[in-house]
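Examining the three-dimensional arrangement
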Amino acid sequence: MASLSTTPSFTSPPHSCTAAASRCLLFFNKLYLSPKKSPRKFAAVFCSAAPRRARPDYVPNRISDPLYVRVFDTTLRDGEQSPGASMTSKEKLDIARQLAKLGVDIIEAGFPAASKDDLEAVKMIAKEVGNEIDDNGYVPVICGLSRCNKRDIDAAWEAVKYAKRPRIHTFIATSEIHMKHKLKKTKEEVVETARSMVSYARSLGCPDVEFSPEDAGRSDREFLYQILGEVIKAGATTLNIPDTVGYTMPNEFGQLIADIKANTPGIENVIISTHCQNDLGLSTANTLLGACSGARQVEVTINGIGERAGNASLEEVVMALKCRGDQVLGGLYTGINTEQIVMSSKMVEEYSGLHVQPHKAIVGANAFAHESGIHQDGMLKNKNTYEIIAPEDIGLYRSNESGIVLGKLSGRHALKSRLSELGYDIEGKELDDLFWRFKAVAEMKKTITDDELIALVSDIVFQPQVVWKLGDVQVTCGTLGLPMATVRLIDANGEEHIACANGTGPVDSAYKAVDVIVKEPITLLEYSLNAVTEGIDAIATTRVLIRGENSHTSTNTSGETFYRTFSATGAGMDIVVSSVRAYVNALNKMLGFKNQTGVFVNSENSRVSV
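Below you will find a few notes about this structure. (Residues numbered from 1 in each chain as written. Predicted model: local features only at pLDDT ≥ 70, side-chain atom pairs only at ≥ 80, totals over all residues. Heavy atoms only, no water.)

1. Describing the packing of aromatic side chains
Defined as follows: Pairs were defined over the aromatic rings of Phe, Tyr and Trp, the Trp ring being its six-membered one, requiring ring centres within 6.5 Å. Orientation was assigned from the angle between planes: stacked under 30 degrees, edge-to-face over 60, tilted for the rest. Put simply, DSSP H or I for four residues or longer makes a helix, DSSP E for two residues or longer makes a strand, and each gets a number counted from the N terminus. When accessible area is computed with a 1.4 Å probe and restricted to protein chains, residues below 20% of their type maximum are described as buried, those above 50% as exposed, and intermediate ones as partly exposed. Criterion for a charge above a ring: Lys NZ or Arg CZ within 6 Å of the ring centre, and within 35 degrees of the ring normal.
In this structure the tally under the stated criterion is five aromatic pairs. Both rings, one in Y511 and one in Y527, keep their centres 6.5 Å apart while their planes meet at 70°; by these two values the pair is edge-to-face. Of this pair, Y511 sits in helix 16 (residues 506-518) while Y527 sits in strand 12 (residues 522-531); the two residues are 16 residues apart in sequence, bridging distant segments of the chain. The class for Y527 is partly exposed, based on a relative accessible area of 36%. Seen in terms of ring centroids, Y511 and Y583 are 4.0 Å apart; in terms of plane orientation they differ by 10°. Their pairing is stacked. Highlighted residues: Y511 in helix 16 and Y583 in helix 17 (residues 575-597), separated in sequence by 72 residues. One exposure class covers both Y511 and Y583, and it is buried. Here a set of aromatic residues connected by ring pairs shows up, and it is made of F435, W436 and F438. Seen from the ring of Y333, R53 lies directly overhead, with NZ or CZ sitting 3.8 Å from the centre.

Pasting the structure below:
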């Protein structure tokens, strides 16, 4: 691998690269590598609103259009490995359905060998989402991850085989540091393991097998060419090149993909993929350089969540291709329905409990906010002065197109109409529950803002299956007496349970009263409270992160043990009620997970990093 003290150059793209890749590499050479840069005149000053192009028919190891880039979403696998991001099977299924609406080509639904619950979740997604074919013939590939051993591969195949388009993704480390210290294997042993396990996966009847050389970014090039050539002969259809620890610079990663494309025997018979971690904040740039260098699959997550600093962000990669694809990225494009981006982001944010920072590109709260007077003046005159993306292109609606103002006299139809404008398709019992919560809040406020409505949606719709339901909470506190709380919870059979407790304050007292009823030993790890809007009557949202003493433990490939944690949110005009809702919701998530698995299983090596 090239030293960081030298700067690789793409001055002569390999002959096997497409013309599009060559043009793309030439642009990045001029942009990043030229010592003297002259001002450039770009072809466009804002993103094109051109209609989506047709998605090529799916063939595992071939794409008919050389400009099409497949989107491989690993939110449910790598994304869930973020601390505190554990999701129940129902939540994973909901996200998988949303990913299908978004139009991702491949959904990596999980790591089936990690536990019985993981296997069942992937199987459920394969059966339901993996067989929902739309009018255009689109149905996402459902993928399961496995290490290079028969037990893992058997579990992956057992989970994904029910999908219309199943895929097994198997991996083994190829860098010197991983082979020596983690695997304790020679290069010859690693090659034989990779070759035999890819062959074994194909022998099970799986027509689509992806192989990843873990830590490819720090692996010896000649060894990479060798092992990749062997797995191609063994039947691999996609070769994923992971920058596992986010070590490489964009020009280095682009050169790595170009070199693999030029030097690996049989490479013309497979798809090259990228998987870039964000440890140095370069995952999106590396992914784009990889695509420009010949990769035709990009592995990404919603909101960029994932192990450590996360992964390449789907919304950033997709919108970069949409915004600059025709002008400077060689015409590359995806099949993503970008109007579903905001909805996907909000769903993952709520279910994972990982809040998006305000300045996050594309989906952050400030991404389309303009406070500077100069910027506001420009926006009033022409939105393209400070916005290169129309918020509507990603499903973000800032203005009330219908003119509806929601208040205490509003009905279900008005509420449903406004929800539709905001990108929410809510019906049935969820709409009924939301309507009555909305009416209760509207009785105390003149109007309900969009942000407050979204908070209520999160509190009603994006919540785990109910094991315990909050009935009432009453607290006494202040400087004149001991804080005391009385809580009434309703169990799954409809029976009421009431408990009183005292503590250091109203929230602590209420949480202790809940603990008396639920009888689950819990440690509160994080607690945060925020006002949704301005004003003393704003709705408050609370987020909590908890861990049970008997919680699920997992071990990564380095032998480190992690404890599964559970997060949830609550919303309400009363901050104590909001806090108790969040705590009960987190308990429901933990208990729901426990019920699905039967017991909290200690699953060896259930967390991996590819």
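2. Description of the pairing of strand 4 (residues 166-173)
Threshold: Two strands pair if DSSP finds at least two bridges between them. By the criterion used throughout, a crossover qualifies as right-handed when its path from the first strand across the helix to the second strand runs clockwise, the strands pointing away from the viewer.
Strand 4 sits mainly inside the fold: eight of its eight residues count as buried. Of the two faces of strand 4, both are covered, the one formed by P166, I168, T170 and I172 as well as the one formed by R167, H169, F171 and A173. Relative to strand 4, strand 3 (residues 141-147) runs parallel, the two sharing six bridges. Of the residues in strand 4, the one forming a bridge with G144 is I168. The handedness of the strand 3 to strand 4 crossover, carried by helix 4 (residues 150-160), is right-handed.

3. Some points on unusual backbone geometry
Here the phi dihedral of K184 falls at roughly 55°; this positive angle occurs in a residue that is not glycine. With respect to the helices and strands, the residue K184 is situated in the loop between helix 5 (176-183) and helix 6 (187-203). For K184, a relative accessible area of 65% gives the class exposed. Phi at D215 takes a positive value of approximately 65°, unusual for a residue other than glycine. Among the secondary structure elements, D215 is positioned in the loop between strand 5 (209-214) and helix 7 (221-234). Looking at D215, the relative accessible area reads 0%, which means it is buried.

4. Here's the deal with the nonpolar core
Test applied: What makes a nonpolar core is a set of buried Ala, Val, Leu, Ile, Met, Phe, Trp, Tyr and Cys residues whose side-chain atoms join them at distances within 4.5 Å. Contact definition: two residues touch when any of their heavy atoms are within 4.5 Å.
In terms of nonpolar packing, the biggest core is built from 120 residues, with V104, F211, L239, I241, L415, L419 and Y424 touching the most fellow members. It is helix 7 that provides the largest number of residues to this core, a total of eight residues. Sequence-distant contacts of L419, that is, excluding residues within four places in its chain, are made with Y424, I426, L431, L434, L453 and V457. Core analysis: the second largest hydrophobic core is formed by 31 residues, L489, A513, V580 and L591 among them.

5. Concerning the pairing of strand 2 (residues 106-110)
Strand 2 sits mainly inside the fold: five of its five residues count as buried. Sheet analysis places strand 1 (residues 70-73) next to strand 2, joined by two bridges and oriented parallel. Bridging across to strand 2, F72 finds its partner in I106. Handedness of the β-α-β unit built from strand 2, helix 3 (residues 116-128) and strand 3 comes out right-handed.

6. Points about the sheet that holds strand 12
Under the convention used in this document: Axis definition: a line fitted to C-alpha atoms, limited for helices to the stretch in contact. Angles are taken between N-to-C directions and run from 0 to 180 degrees.
Taken in spatial order, the three strands line up as 12-13-16 in an open sheet, and their pairing is antiparallel. Where the open sheet ends on each side, the last strands, each with one partner, are strand 12 and strand 16 (566-572). Strand-to-strand twist across the sheet, computed as the mean angle between neighbouring axes with direction ignored, equals 20°. As judged from the seven bridges shared by strand 13 (residues 540-548) and strand 16, these two strands associate in the antiparallel manner. Its bridge partner lying in strand 16, L545 is registered against S567.

7. Focus: helix 8 (residues 250-263)
Defined as follows: Multiplying 1.5 Å by the helix residue count minus one yields the expected span of that helix.
The terminal C-alpha atoms of helix 8, which comprises 14 residues, lie 20 Å apart, in line with the 20 Å expected from a rise of 1.5 Å per residue. The buried fraction of helix 8 is high, at twelve of 14 residues. Those residues of helix 8 not exposed but buried are P250, N251, E252, F253, G254, Q255, L256, I257, A258, D259, I260 and K261.

8. Topic: the environment of E158
This is how it is decided: Here a polar contact means two N or O atoms within 3.5 Å. Within protein one must be a hydrogen donor candidate and the other an acceptor candidate, and residues neighboring in sequence count only if both atoms are side-chain atoms.
Along the chain, E158 turns up in helix 4. By relative accessible area, which is 26% here, E158 ends up partly exposed. Put simply, E158 and E120 are 38 residues apart on the chain and 9.5 Å apart in space, counted from C-alpha to C-alpha. Apart from the residues lying within four places of it in its own chain, the contact partners of E158 are L119 and K123. Of note is the side chain of E158, whose polar atom sits 3.1 Å from the side chain of K123.

9. Side note on the side chain of T338
Locating T338 in the fold gives a position in the loop between helix 10 (314-328) and helix 11 (341-352). Setting aside chain neighbours within four positions, we find T338 in contact with V318, M319, K322, D393, I394 and G395.

10. Digging into the packing of helix 9 (residues 283-292) against helix 10
We apply this condition: Here is the rule for angles: anything less than 35 degrees is roughly parallel, anything more than 145 is roughly antiparallel, 65 through 115 is roughly perpendicular, and the remaining ranges are oblique. A crossing counts as left-handed when the near helix is turned anticlockwise from the far one by less than a right angle, and as right-handed when that turn is clockwise. Residues were grouped as follows: Ala, Val, Leu, Ile, Met, Phe, Trp, Tyr, Cys and Pro as nonpolar; Asp, Glu, Lys and Arg as charged; and all remaining residues, including Gly, as polar.
At a minimum axis separation of 9 Å, helix 9 and helix 10 run at an interaxial angle of 50°. By the angle class used here, helix 9 and helix 10 are oblique. Handedness of the crossing formed by helix 9 with helix 10: right-handed. Where helix 9 abuts helix 10, its residues T284, T287 and L288 lie against E316, V317, A320 and L321. Residue classes in the contact of helix 9 with helix 10 are distributed as four nonpolar, two polar and one charged.

11. Considerations on the environment of I448
Mapping I448 onto the fold places it in the loop between helix 14 (428-442) and helix 15 (450-460). With 90 residues separating them along the chain, I448 and A538 place their C-alpha atoms 9.5 Å apart. Excluding residues within four positions of it along the chain, I448 makes contact with L406, F438, V441, A442 and L453.

12. Looking at the packing of helix 2 (residues 89-102) against helix 11
Their axes nearest at 10 Å, the elements helix 2 and helix 11 cross at an angle of 165°. Judged on the interaxial angle alone, helix 11 and helix 2 are roughly antiparallel. The hand of the helix 2/helix 11 crossing is left-handed. Contacts between helix 2 and helix 11 pair K90, E91, D94, I95, Q98 and L102 from the former with I341, M343, S344, M347, V348 and Y351 from the latter. Here the residues of the contact of helix 2 with helix 11 are counted per class, giving seven nonpolar, two polar and three charged.

13. Side note on the sheet that holds strand 1
The strand order around the closed barrel formed by eight strands is 1-2-3-4-5-6-7-8, and the pairing between neighbours is parallel. Neighbouring strand axes in the sheet, compared pairwise and without regard to direction, differ in orientation by 25° on average. Sheet topology note: the strand 4/strand 5 ladder contains six bridges and is parallel. What sits directly across from H169, in strand 5, is E210. Packing of helix 5 onto the sheet brings it into contact with strand 4 and strand 5, and relative to strand 4 it is tilted by some 85°. Helix-sheet contacts for helix 7 involve strand 5 and strand 6 (238-243), and the interaxial angle to strand 5 is about 165°.

Shape descriptors only; they carry no functional weight alone.
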